[in-house]
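Take a look at the letters that make up each chain.
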Amino acid sequence: MAAEIHSRSPRGPALLTKIPGHREHVTSASFIPREDGVITACEDRTLRVWLKRDSGQYWPSIYHTLSAPCSALRYHHDSRKIFVGQDNGAIVEFVISDDFNKMNFVKTYPAHQSRVTEIIYSPGPEWVISTGHDKFITWMCTQSGSLVGRHSFTSWASCLQYDEDTKYAFIGDFSGQITLLKLEKGSCTVISTLKGHEGSISCLYWDPIQRFLFSGSFDHSIILWDIGGRQGRTLILQGHHEKVQGLCYLQLTRQLVSCSADGCICVWNMDIDREEAPQWLESDSCQKCSQPFFWNIKQMWDTKTVGLRQHHCRKCGQAVCGKCSTKRSTYPIMGFEFQVRVCDSCYETIKDEDRTSLATFHEAKHNICYMTMDISRGLMVTSGTDRLVKIWDMTPTVGCSLATGFSPH
C-alpha cells in the first residue's frame, strides 16, 4: 500500500509521510542513509523496504515474510547487512542489493530462547550483539555464526547500546537497572550498575562523543548519566506522562529528542547548566516543623500527637509533612517540566523566570512504540500502536544546522 504524503507544518515537527499497510504494530524501523527509504520490521512477520517513488509516494520494494513475528531490526549501511530479531529468539541476517530491490538470506543465529529485544552489529570484531526476554545478552560471530559470549541478568534484558571503541555494552532491564559490561571474546566483565529509575528501562541512547547515556523508563522519566567527565552525575528529566519509548541526542545542537507512548514528542534544551536533582533525605520527623511521621511511635507518644505522612521536596530533597509542602511548582532547570511538590520555603526562592520551560512538546497523534532519527538529515521515524509509520522533518523544531551541507526538503 502506498504512503500518504502530508504538507509541511510551520510549527513543530512537520509530518512528511504516513506509511500504512502493516497488519500489526511495527516494532522497529531504520532509515536508509542518503536514500529516500525506510526498512520496517513488524509483528505481522514481515520485513519491508519502502522506497520513495517519482510520484512522491513510498512503495515496498521488498516484502519478505519470516517464520515468526519480528521484534527487532538493525541495518548496517556500509555492508548492506540487515539483522532481524524474532519473537522465537532467532536472529536472521540478510544482505540487500545496491538498488534496494532485492535481498538474499545469509544465515540464522540461534541467539536467544525467547523474544529478541534489540540488536547491534559491530563490524570491527564482526559480532552481532543482542538482548532478549530470556534475560541474556549474547554476542555471536557473523563469520562462523557461532556463539562468542553471553551474560545473564535477573530480569528481561529490554534494551541495548554499545560503544565500538571500548567494547562497552549498556543493557537496560525490566527491574529498572542498567548494567555496563566490557565485552570480550568468550567472556565479559561487569564494570558497574546504574540505578535511578523506579520503573522498567524502556529505551537507551548512547552518545560516544559527550559520553552521555540517556535512559527512558516506564516511570515516565529520562535520566542522563554522565559516563565521561563527571562520574556518577545524573540529571532527571520529567516531562512525559507515559512511558518513554525513544531517545536521540543531537550533539551539535545540544538537544535531546524523546517520544512517549501517549504520542508526545519532546525536544529538550541540554545546552544549559542544569541542576542535579537532590537525593531524597530520610527522617523520622518533618525536617521543617519537627512533627513526627506516622511510624515514629516514640515521639508520637512523648508529644501526644498523631503522626503525619512523609513527603519530599523535589528542590531540596528534605523529608517534609503536608502542611510544610502545600505548594507545587515547575522547576525546568532541574528537569521538572510539570508541577511537583516543593516545600513552602523552597517555593519562595523560585522566581517566575525559573519556571520558564526548557523543552517543547508536540503531539504525534499516535501512540508511539518506537522512534529513531537520521540526525544528518533532521528526519525522524515513529511507529505506533495504530500500525502506522510516520516520517517527520524535525528541522522546524531543532534547527537546520544539524549537519554541514544540510538543506531543508
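From a predicted model like this one, the values you see are computed outputs, not experimental measurements.

Within the protein chain, the secondary structure is distributed over three helices and 33 strands. Against the compact-globule benchmark of 22 Å for 409 residues, the protein chain has a radius of gyration of 23 Å, which places it among compact chains. Counting only C-alpha atoms, the protein chain reaches 80 × 50 × 40 Å along its principal axes. Counting every position in the protein chain, which comprises 409 residues, the buried fraction comes to 56%. When contacts within the protein chain are restricted to residue pairs at least 6 apart in sequence, long-range pairs at least 24 apart make up 46% of them.

Okay, the pairing of strand β6 (residues 58–65) next. Of the pairings in the sheet, the one linking strand β5 (residues 46–52) to β6 comprises seven bridges and is antiparallel in character. In the strand pairing of β6, V49 is matched with I62. Counted along the chain from β5 to the antiparallel partner β6, the turn is five residues long, and its residue G56 has a positive phi close to 95 degrees.

With that settled, the discussion passes to the environment of R309. Tracing the backbone shows R309 in the loop between α1 (297–303) and β26 (311–312). Here the alpha-carbon distance between R309 and G12, two residues 297 residues apart in the chain, equals 42 Å. Residues within four places of R309 in sequence aside, it is in contact with F293, F294, V320, C321 and G322.

Another aspect to go through is the UniProt feature "repeat: WD" (unreviewed entry) in the protein chain. UniProt records the feature "repeat: WD" (unreviewed entry) at residues 19–50, 194–227 and 237–271, using the numbering of this structure. Taken end to end, residues 194–227 is 0% helix and 62% strand, and its first and last C-alpha atoms sit 10 Å apart. Secondary structure content for residues 237–271 is 0% helix and 60% strand, while the C-alpha to C-alpha distance between its ends is 14 Å.

This part takes up the side chain of Q251. As for its placement among the helices and strands, Q251 is situated in the loop between β23 (244–250) and β24 (255–260). Q251 gets classed as buried once you look at its relative accessible area, which sits at 16%. In this structure, Q251 is in contact with D207, I209 and Q210, ignoring residues within four places of it in sequence.

Let's shift gears to the environment of L252. Tracing the sequence through the fold places L252 in the loop between β23 and β24. Spatially, the C-alpha atom of L252 lies 28 Å from that of K18, the residues being 234 residues apart in sequence.

Bringing the pattern of salt bridges into the picture now. A full pass over the atoms with the stated rule returns eight salt bridges. When the shortest N-O distance is used, the salt bridge between E93 and K81 registers 3.0 Å. With E93 in strand β9 (residues 91–96) and K81 in strand β8 (residues 81–86), this residue pair connects regions lying 12 residues apart in the sequence. Taken individually, E93 and K81 each receive the classification buried, so the pair is uniform in this respect. Note that D374 is salt-bridged to R377, the shortest N-O span being 2.8 Å. Accessibility assignment for this pair places D374 and R377 in one class, buried. The network of salt bridges with common partners includes E43, D87 and R115.

A few words now on the sheet that holds strand β14 (residues 147–152). Strand order in this open sheet of four strands is β11-β12-β13-β14, and the pairing throughout is antiparallel. Where the open sheet ends on each side, the last strands, each with one partner, are β11 (116–122) and β14. Going across the sheet, the axis of each strand differs from the next one's by a mean of 15 degrees, ignoring polarity. The pairing of β11 with strand β12 (residues 127–132) spans six bridges and is classified as antiparallel. Across the sheet, residue S122 finds its bridge partner in β12, namely W127.

This brings us to the sheet that holds strand β10 (residues 103–109). Here four strands make up an open sheet; going across it, the order is β7-β8-β9-β10 and the pairing antiparallel. Of all strands in the sheet, those with a lone pairing partner are β7 (70–76) and β10, marking the two edges. Geometrically, the sheet is characterised by an average inter-axis angle of 20 degrees between neighbouring strands, direction not taken into account.

Looking now at a nonpolar patch on the surface. The grouping of W156, F174 and F218 at the surface amounts to a nonpolar patch, some 260 Å² of accessible area in total. Here F174 lies in the loop between β16 (168–173) and β17 (177–184). On the basis of relative accessibility, which here comes to 31%, the residue F174 falls in the partly exposed class.

Before going further, it helps to spend a moment on unusual backbone geometry. Despite not being glycine, F100 has its phi angle at roughly 60 degrees, a positive value. Checked against the element boundaries, F100 lands in the loop between β9 and β10. Positive phi outside glycine occurs at K135, with the angle close to 70 degrees. Mapped onto the secondary structure, K135 falls in the loop between β12 and β13 (136–141).

Secondary-structure assignment places T234 in strand β22 (residues 234–238). Discounting chain neighbours no more than four positions away, the residues touching T234 are I223, L224, W225 and E276.

Thresholds, definitions, all that
- Each chain has its residues counted from 1, following the order in which its sequence is written.
- With pLDDT at 70 or above as the cut-off, local features in this predicted model cover only qualifying residues; side-chain atom pairs require 80 or more to be listed or tallied, and sums for whole chains, interfaces and linings still use all residues.
- Side-chain calculation: all heavy atoms of the structure are included, whereas hydrogens and water are not.
- We count a stretch as a helix when DSSP gives it H or I for four or more residues in a row; a strand needs E for two or more, and each element gets its number in order from the N terminus.
- Only C-alpha atoms enter the radius of gyration; for comparison, a globular chain is expected to reach 2.2 Å times N to the power 0.38, where N is the number of residues.
- Summary of the burial criterion: residues with accessible area below 20% of their type's maximum are buried, those above 50% are exposed, and those between are partly exposed, where the area comes from a 1.4 Å probe applied to protein chains only.
- A contact between two residues is defined here by any heavy atoms of the two lying within 4.5 Å.
- Pairing between two strands requires that DSSP report at least two bridges joining them.
- UniProt positions are given in the numbering used here, feature names are shortened, and annotations may be inferred rather than shown by experiment.
- By definition here, a salt bridge exists when the distance from a side-chain nitrogen of Lys or Arg to a carboxyl oxygen of Asp or Glu is within 4 Å.
- Here an axis means a line fitted to C-alpha atoms, over the contact stretch when the element is a helix, while the angle between two N-to-C directions is reported on a 0 to 180 degree scale.
- Surface patches are defined over residues having more than 30% relative accessible area and no salt bridge, joining like charges when they lie within 9 Å and nonpolar side chains (Val, Leu, Ile, Met, Phe, Trp, Tyr) when within 5 Å.
- The protein chains shown are the only cover counted for residues, whose accessible areas, like all others here, come from Shrake-Rupley with a 1.4 Å probe.

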